Amino acid sequence: MTALVAVLAVLVVALAAALVAMLVRRNRHPRRLPVNRGARRVLVAFSGRLDPTVVEAAIRIARADEAVLVPAYLLVVPLRYGEDSPLRDEVELAMPLLEAVEHAALRAGVPVDARIEKGRTLTHALKRLWEVERFDRIIAPAPTNGHGGFTEKELAWVLTHAPAETVVLKPMPAAA
Amino acid sequence: MRGHYRILLGMAAGVGKTYRMLQEGRQAQAEGRDVVIGYLEPHDRPETAALAEGIEVVPRLRAQHGTLELEEMDVDAVIRRAPELALVDELAHTNAPGMRNEKRYQDIDEVLNAGIDVISTVNVQHLESLNDSIAELTDIRVRETFPDRILEEADEVVLVDLTPEALQKRMLAGKVYPKERAEIALQNFFRVEKLSALRELALREVAEDVGARRQSTVLDPLSVQAVAERVLVLVTPEPRSQRLLRRAWRSAERLGAELDALWVHKPGKPLAEEEQVSLAALRRLAIVLGAHFVEEEDGDLVGTVRRVVYERGSTYVFLGTPDERRWIEVVRGSLVSALVRELPGIDIRVVANRADREELRP
């Protein structure tokens, strides 16, 4: 009888332990990088294409700042369309780029909060974005071999009007 | 009771709207209905004139405008005559000065309010919201416009369609305008590229009208077979919802589906500043993507999703990977399981973060 009680007790304890283990076991849910309230925000704005060296540099800066990286794809709405027109073709181009930046940032352990912003010009889109959101640092890529990045004139505008510390990132000639 | 309003919409003059209106009038007459012509635009087309024969014409009002004598629909005479159905051509027409109403669609409104059914015609270039696009496409600024609500409020909008090439053939044969006028028109407004663009606008307008009607009708997913797919994505004001909305959009594009984004917020729970920023960013993204952003305030997430799915005729529901701890799942139940249970017949897709695939590595 005593042996039976002992066996039953062991079974109950084992079952309880298994239940507790199941409940407290670390979730295999996807990683969600914690974003602290009031965390710094680093904006990297681009359109058309983004050089991988710029992405790497932006991630390094965001990680060093313990900041959220905000990659923003800027869309230009042609004047023949209303400002609120959906831009399907342009969004198709933006999607894989944003996904690539997001993956790279998350792999590096940097929280990311991507945007697609539109305006009549790149600078208009950028201005709209920083008018409604706070950024602690703004990264403006310079052109690579004449492709992508902001033009000289746009960079001058960004440097004059940006509401936060601004970094103009020029990819290494080797990478370009 | 207000009459039934049916609008025949075309891409341009000559596609056969008036002809179709008269055909429908004759058909109604053959079915024993009392039909009159409230106004028939005198296009000098023999086939059209022949089709109008045998349908009573309500005499028009004559108005003197300078040296011109203009004729307009006599609204009061149509209402006094009290037919079951009145055929009224060209609803965007501007009446002669001195008439009670400035526009013919206002005359039609009075006829409808008298309980008389109306079939009318109009070309897509007269639609107010398309005025700028039409001017860019055709280099012609259309002055006779009508508000979009007229189409929205009509009981039926029917597209009278013809390919641009077929319309040009009709013009060359002198079936639309006299030959000398047709040749000039073919080199200007009636060029294939302009007609194609106008046709696309007309097709899109009718497609949107069908979509809007489908949306405004409460659908029963159990009894009504949806014609098209419709995606509903559940978002929350946090960064990962940007990716979720984009992924749902991409799937919706592949399915050729409309996309709705739904955020259900709990009553009495104010948003933190970061959440407000995220929510505003989601709304902006929805505009860029052409998605409809729906906000609901309700403590019952699953119940609200069920209602919205029902109302909007959704066929797919997208949600992000729930971040429920295992013990919460055990105590409260899983959100995904609850949705599967509460949304019978609806596809549910849990959208993961591709970057998490690295965790699969042994």
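Residues numbered from 1 in each chain as written. Chains lettered and ligands numbered in written order. Predicted model: local features only at pLDDT ≥ 70, side-chain atom pairs only at ≥ 80, totals over all residues.

Q: Just give me the short version of the sheet that holds strand E5 (residues 165–169) of chain A, but keep the residues and values in it.
A: Residue and element names in this part refer to chain A. In spatial order, the strands read E3-E2-E1-E4-E5; together these 5 strands make up an open sheet with parallel pairing. Both outer strands of the open sheet, strand E3 (115–119) and E5, are each paired with one neighbouring strand and no more. Within this sheet the neighbouring strands show an average axis-to-axis angle of 25 degrees, counted without direction. For strand E2 (residues 68–76) and E3, the ladder comprises 5 bridges, and the chain directions are parallel. Opposite Tyr73, over in E3, you have Ile116 as the bridge partner. (Pairing = 2+ DSSP bridges. Helix = DSSP H or I, 4+ residues; strand = E, 2+ residues; numbered from the N terminus. Axes fitted to C-alpha atoms, helices over the stretch in contact; angles between N-to-C directions.)

Q: Report on the environment of Val192 of chain B, specifying residues and quantitative values.
A: Residue and element names in this part refer to chain B. Looking at the element boundaries, Val192 is found in helix H9 (residues 192–216). In sequence terms Val192 and Pro164 are 28 residues apart; their C-alpha atoms lie 5.6 Å from each other. Among all residues touching Val192, those that are not within four sequence positions of it are Pro164, Glu165 and Gln168. (Contact = placed C-beta atoms within 7 Å.)

Q: Can you tell me about the packing of helix H12 (residues 301–312) of chain B against helix H14 (residues 335–342) of chain B, naming the residues and giving the values?
A: All names here are of chain B. Following both chains from N to C, one finds H12 and H14 inclined at 40 degrees, their axes separated by 10 Å at the closest point. Relative to H14, the crossing made by H12 is right-handed. Listed contacts from H14 to Val302, Val305 and Arg306 of H12 are Ala338, Leu339 and Glu342. (Left-handed = near helix turned anticlockwise from the far one by under 90°.)

Q: Mind laying out the packing of helix H10 (residues 240–255) of chain B against helix H11 (residues 273–289) of chain B, listing which residues take part and the relevant values?
A: All names here are of chain B. Packing of H10 against H11 brings their axes to within 10 Å, and their N-to-C directions diverge by 15 degrees. By the angle between their axes, H10 is roughly parallel relative to H11. Seen from above, H10 lies across H11 with right-handed handedness. Residue-level contacts link Ser241, Gln242, Leu245 and Trp249 of H10 to Ala281, Leu282, Leu285, Ala286 and Leu289 of H11. For the contact of H10 with H11, the residue count by class is 7 nonpolar, 2 polar and no charged. (Parallel < 35°, antiparallel > 145°, perpendicular 65-115°, else oblique. Nonpolar A, V, L, I, M, F, W, Y, C, P; charged D, E, K, R; others polar.)

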